[in-house]
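Residues per chain, in single letters:
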Amino acid sequence: RLHLILFEIFWGEKSPGSFEFSSEEQSLIPVRFAANAGRAGFVRQELVNQGQHPIPGLVSHRYRKEPNKWPCYQVGLGVFTVNQIAAGYRWTTFKESIKDAIGIFIDSIDDETMKSIKESGRVQLKYQDVFYPGDNQDLQEFLHTTYEVKLSLPESFLDKNEISDSYGSVRLVSIISI
């Protein structure tokens, strides 16, 4: 069952595991994005994943029109996303949300960041599915029968042939790189 749709842009990785960002990318993009998104009606800003140091590819700021409203836009060090949950998802409206968000994002970055995106950027469109095997259904058999995926999981992951509550649901992610 479809759970979440994400459009993502990542940049700044110059070689595997080696990142490079300007001081503007580290501090000003979220501020500028907040101002530009606010003018487009995305007036609610949420701080997420706040730690001592920014982590490349990890979202730090989320923008919404209202609490728990989608789509939401997110930015962080070397990452920009547009997210939509399945409820209310339609490709035509999500595509327009992506176009609008990209316009806001472009207005929020400087030439140096744009150059970095052109040099090291990657774009992904993700569809996350979630499923809950039935009460009498073995998880590995369900994966094999439904998705043709053969998988063995550690015993600590399973509890009575069900997904342990401490791990939440199992998600399969289809990634389309553009």
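First things first, this report covers the structure right here in the doc. Given the structure is predicted, the values throughout are model-derived calculations rather than measurements.

## Regarding the pairing of strand 1 (residues 2–10)
Next up, step 1: Counting buried positions over the nine residues of strand 1 gives seven, a clear majority of the element.
Next up, step 2: In the sheet, strand 1 pairs with strand 8 (residues 122–131) via eight bridges, with the strands oriented antiparallel. Bridge pairing links I9 to V123 in strand 8.
Next up, step 3: Sheet analysis places strand 1 next to strand 7 (residues 79–85), joined by seven bridges and oriented antiparallel. Note on strand 7: the bridge partner recorded for E8 is T81.

## Section: the packing of helix 1 (residues 23–39) against helix 2 (residues 91–108)
Next up, step 1: At a minimum axis distance of 8 Å, the contact between helix 1 and helix 2 shows a crossing angle of 130°. Taken as axis vectors, helix 1 and helix 2 run oblique relative to one another. When the axes of helix 1 and helix 2 are compared, the crossing they make is right-handed. Contacts between helix 1 and helix 2 involve I29, R32, F33, N36 and A37 from the former and A101, I104, F105, D107 and S108 from the latter.
Next up, step 2: Classifying every residue of the contact of helix 1 with helix 2 gives six nonpolar, two polar and two charged.

## Some details on the pattern of salt bridges
Next up, step 1: Applying the stated rule across the entire model yields eight salt bridges.
Next up, step 2: Close ionic contact of R44 with E46 constitutes a salt bridge, the shortest N to O distance being 3.4 Å.
Next up, step 3: Given a relative accessible area of 14%, E46 falls into the buried group.
Next up, step 4: Put simply, E46 and R64 hold a salt bridge, and the shortest N to O gap is 2.8 Å. Of this pair, E46 sits in strand 4 (residues 44–47) while R64 sits in strand 5 (residues 59–64); the two residues are 18 residues apart in sequence, bridging distant segments of the chain. Here E46 matches R64 in class, with each residue buried.
Next up, step 5: Each of R44, E46, R62 and R64 takes part in one network of salt bridges that share partners.

Definitions and cut-offs
Residues numbered from 1 in each chain as written. Predicted model: local features only at pLDDT ≥ 70, side-chain atom pairs only at ≥ 80, totals over all residues. Heavy atoms only, no water. Buried < 20%, exposed > 50% of the residue type's maximum accessible area, 1.4 Å probe, protein only. Helix = DSSP H or I, 4+ residues; strand = E, 2+ residues; numbered from the N terminus. Pairing = 2+ DSSP bridges. Axes fitted to C-alpha atoms, helices over the stretch in contact; angles between N-to-C directions. Parallel < 35°, antiparallel > 145°, perpendicular 65-115°, else oblique. Left-handed = near helix turned anticlockwise from the far one by under 90°. Contact = heavy atoms within 4.5 Å. Nonpolar A, V, L, I, M, F, W, Y, C, P; charged D, E, K, R; others polar. Salt bridge = Lys/Arg side-chain N within 4 Å of Asp/Glu carboxyl O.

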